[in-house]
Amino acid sequence: MKNLKISTRMAATFGVLIALLLAIVATALMQMHSMRANAQTITSNTMPSVELINIMSSNLLRARLLELRHLQSQDPAVMAALEKDMEKLQAQLADEKRLYEHLIVADGERQLFNSFISARDVYQDLSKQFFALSRQPSEQEAAQALLEGPSLKVFESSSNFLEQLVKFNNDMVKLETRNSSVIYEKAHIVLLSATLVAI
């Protein structure tokens, strides 16, 4: 009877230890899952977002160069070709903006992106005005004034919003990296505790 009581107590203690170990391991697995989720956020969202922003920045500059070349040209055929190139570039930018919009995960990022879109809408209206003036030899000065005045201001504003989006995404990378480090330390402590309990 006495032996039975001892064996029962040992079984109960062993059962408690098993339950404790299972709880510790489950906690560690959850923390590792969180680390994986943070890594996926960086690789599947933040990095593609920054890549798209860089592409859009390059295309904004290309659009600006097309306008400058249009202003300097006197050949109607060349000017028409430049306008076609601009149409293709605007379509490409529209695709890139749609792709980026699907990657937005935070309100602050959406606000910046909406500000960028609004600036680009204004720029496109100014661009249409510019081409209408630039086609006419008698309106070259007006086209240049538009390009170097309101158009330049909105272009710089658009570029600034993209720079802020890059900073936002870089800050997100730092935050996710910091969170992963904290989670790793917690998981390390939990697994170490499990080892000590097992011993």
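About the criteria used
- Residues numbered from 1 in each chain as written.
- Predicted model: local features only at pLDDT ≥ 70, side-chain atom pairs only at ≥ 80, totals over all residues.
- Heavy atoms only, no water.
- Phe/Tyr/Trp six-rings, centres within 6.5 Å; stacked < 30°, edge-to-face > 60°.
- Helix = DSSP H or I, 4+ residues; strand = E, 2+ residues; numbered from the N terminus.
- Buried < 20%, exposed > 50% of the residue type's maximum accessible area, 1.4 Å probe, protein only.
- Salt bridge = Lys/Arg side-chain N within 4 Å of Asp/Glu carboxyl O.
- Arc of directions from axis to C-beta.
- 1 Å grid on protein atoms, 1.4 Å probe; cavity = no way out; pocket = protein on both sides within 12 Å on 5 of 7 lines; lining within 4 Å.
- Points joined across faces, edges and corners; volume = space filled by probe spheres on them.
- Nonpolar A, V, L, I, M, F, W, Y, C, P; charged D, E, K, R; others polar.

1. Describing the packing of aromatic side chains
On inspection of all chains with the given rule, the structure shows 4 aromatic pairs. Look at F113 and F116: their rings are 6.3 Å apart centre to centre, the planes differ by 40°, and that puts the pair in the tilted class. Taken as a pair, F113 and F116 lie in helix α3 (residues 107-134) at a separation of 3 residues, close to a single helical turn. The same class applies to F113 as to F116, namely buried. Grouped by ring-pair contacts, the aromatic residues Y100, F113 and F116 constitute a single cluster.

2. Notes on the pattern of salt bridges
This structure, assessed with the given rule, holds 5 salt bridges. A salt bridge links R64 to E67, with the nearest nitrogen and oxygen atoms 3.9 Å apart. Of this pair, R64 and E67 both sit in helix α1 (residues 2-72), separated by 3 residues, roughly a single helical turn. For R64, a relative accessible area of 10% gives the class buried. When its relative accessible area of 0% is taken as the criterion, E67 is described as buried. For the salt bridge of R110 with E101, the shortest nitrogen-to-oxygen distance reads 3.8 Å. For R110, a relative accessible area of 32% gives the class partly exposed.

3. Examining helix α4 (residues 140-148)
Every buried residue of α4 is listed here: Q140, A143, L146 and L147. On an axial view of α4, the arc spanned by its buried residues comes to 125°, and they lie on one face. When the buried face of α4 is taken as reference, the exposed residues oriented beyond 90 degrees from it are E141 and E148.

4. Some remarks on the layout of surface pockets
The space that makes up the largest pocket amounts to roughly 190 Å³. Taken together, E83, M86, E87, Q90, Q124, S127, K128, F131 and R135 make up the full set of residues lining the largest pocket. Every element with two or more residues in the lining of the largest pocket is listed here: α2 (76-103) and α3. Residues that form the lining of the largest pocket fall into these classes: 2 nonpolar, 3 polar and 4 charged.

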